[in-house]
Amino acid sequence: MNLQIRKATSQDIDALLNITKACAKFMIDKGIFQWNENYPNREAFEHDVTRNELYVLLETGKIVGCIVISTLMDEEYKTVNWHTPDGTNIYIHRLAIHPKTQGKGYAQFLMEFAENYAIEKKYRSIRLDTFSKNARNQKFYELRGYKKLEDIYFPKQSVYPFHCYERIL
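S.K.: Mind laying out the overall build of the chain, listing which residues take part and the relevant values?
M.R.: Within the chain one finds four helices and seven strands. In the chain, the order of α-helices and β-strands from amino to carboxyl end is β-α-α-β-β-β-α-β-α-β-β. The globule rule puts the C-alpha radius of gyration for 169 residues at 15 Å, and the 15 Å found for the chain is close to it. With respect to the three principal axes, the spread of C-alpha positions in the chain is 40 × 35 × 30 Å. In the chain, the share of contacts with a sequence separation of at least 24, taken over all contacts with a separation of at least 6, comes to 69%. In the structure as shown, the chain presents an accessible area of about 9000 Å², 49% of it carried by carbon and sulfur atoms. Taken as two groups, the 24 positive and 21 negative side-chain charges of the chain have centres that lie 5 Å from each other.

Here's what the structure looks like:
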């Protein structure tokens, strides 16, 4: 595997939107309505780039995926009973691998990067959410040691809940 991870720039956003649109279509075709025309969007990626929290995965120089590693707690997360104190965590968002390159361990590679980043920076835990109807993602995170906590809702994305997960480091 000739893989590289680097911080994203605003020039990467079009490629990332193509990837997340392909992921959305791939999931919708499987009856998983996690992402749609409203999310992920350019505004979210621009915000991620401005905060220096968006990373891209390159396979032989071509962008094939992304991950956001953030210290910002979304409003929806504030009601969740997390296992560690707020302010000592990172949050994972918008983990995406183009459907044509899925199944090669690239999502694992990005998560290892994020987990090592959190350990190096002395964070106590990693928090994230995944769609309640996406059993594949739930298994992916649970096998990595993430514990399912409570549900939250993103009404612009789905009427179904999103499960919150946390991994204590």
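S.K.: Tell me what's going on with the side chain of glutamine 157, and back it up with residues and numbers.
M.R.: Summarising the element assignment, glutamine 157 is placed in the loop between β6 (147-152) and β7 (162-168). Residues in contact with glutamine 157, not counting those within four places in the same chain, are Phe33, Gln34, Trp35, Asn36, Tyr39 and Phe162.

S.K.: So what about the environment of asparagine 137? Which residues, and what values?
M.R.: Topologically, asparagine 137 is positioned in helix α4 (residues 135-143). A sequence separation of 71 residues divides asparagine 137 from cysteine 66, and the C-alpha atoms of the two residues are 15 Å apart. Residues within four places of asparagine 137 in sequence aside, it is in contact with Gln34 and Thr130.

S.K.: Pulling in residues and values, what's your account of the packing of aromatic side chains?
M.R.: For the structure on display, the rule yields ten aromatic pairs. Ring centres of tryptophan 35 and tyrosine 39 lie 6.4 Å apart, and the angle between their planes is 75°; this geometry places the pair in the edge-to-face category. Ring geometry for phenylalanine 131 versus phenylalanine 162: centroids 5.0 Å apart, planes at 50°, classification tilted. Here phenylalanine 131 is found in strand β5 (residues 125-131), whereas its partner phenylalanine 162 is found in strand β7, with 31 residues between them in sequence. Exposure class is identical for phenylalanine 131 and phenylalanine 162. Each is buried.

S.K.: Now, about the packing of helix α1 (residues 13-29) against helix α2 (residues 42-50): what can you tell me, with residues and values included?
M.R.: Relative to each other, α1 and α2 sit at 130°, their axes nearing to 10 Å. Relative to α2, the element α1 lies oblique. The handedness of the crossing between α1 and α2 is right-handed. Between α1 and α2, the contacting residues are Ile13, Asp14, Leu16, Leu17 and Thr20 on the first element and Arg42, Phe45, Glu46 and Val49 on the second.

Reading guide: rules and limits
Residues numbered from 1 in each chain as written. Predicted model: local features only at pLDDT ≥ 70, side-chain atom pairs only at ≥ 80, totals over all residues. Heavy atoms only, no water. Helix = DSSP H or I, 4+ residues; strand = E, 2+ residues; numbered from the N terminus. Rg over C-alpha atoms; globule rule 2.2 N^0.38 Å. Contact = heavy atoms within 4.5 Å. Areas by Shrake-Rupley, 256 points an atom, 1.4 Å probe, with all protein chains shown as cover. Lys, Arg positive; Asp, Glu negative; His and termini not counted. Charge placed at Lys NZ, Arg CZ, Asp CG, Glu CD. Phe/Tyr/Trp six-rings, centres within 6.5 Å; stacked < 30°, edge-to-face > 60°. Buried < 20%, exposed > 50% of the residue type's maximum accessible area, 1.4 Å probe, protein only. Axes fitted to C-alpha atoms, helices over the stretch in contact; angles between N-to-C directions. Parallel < 35°, antiparallel > 145°, perpendicular 65-115°, else oblique. Left-handed = near helix turned anticlockwise from the far one by under 90°.

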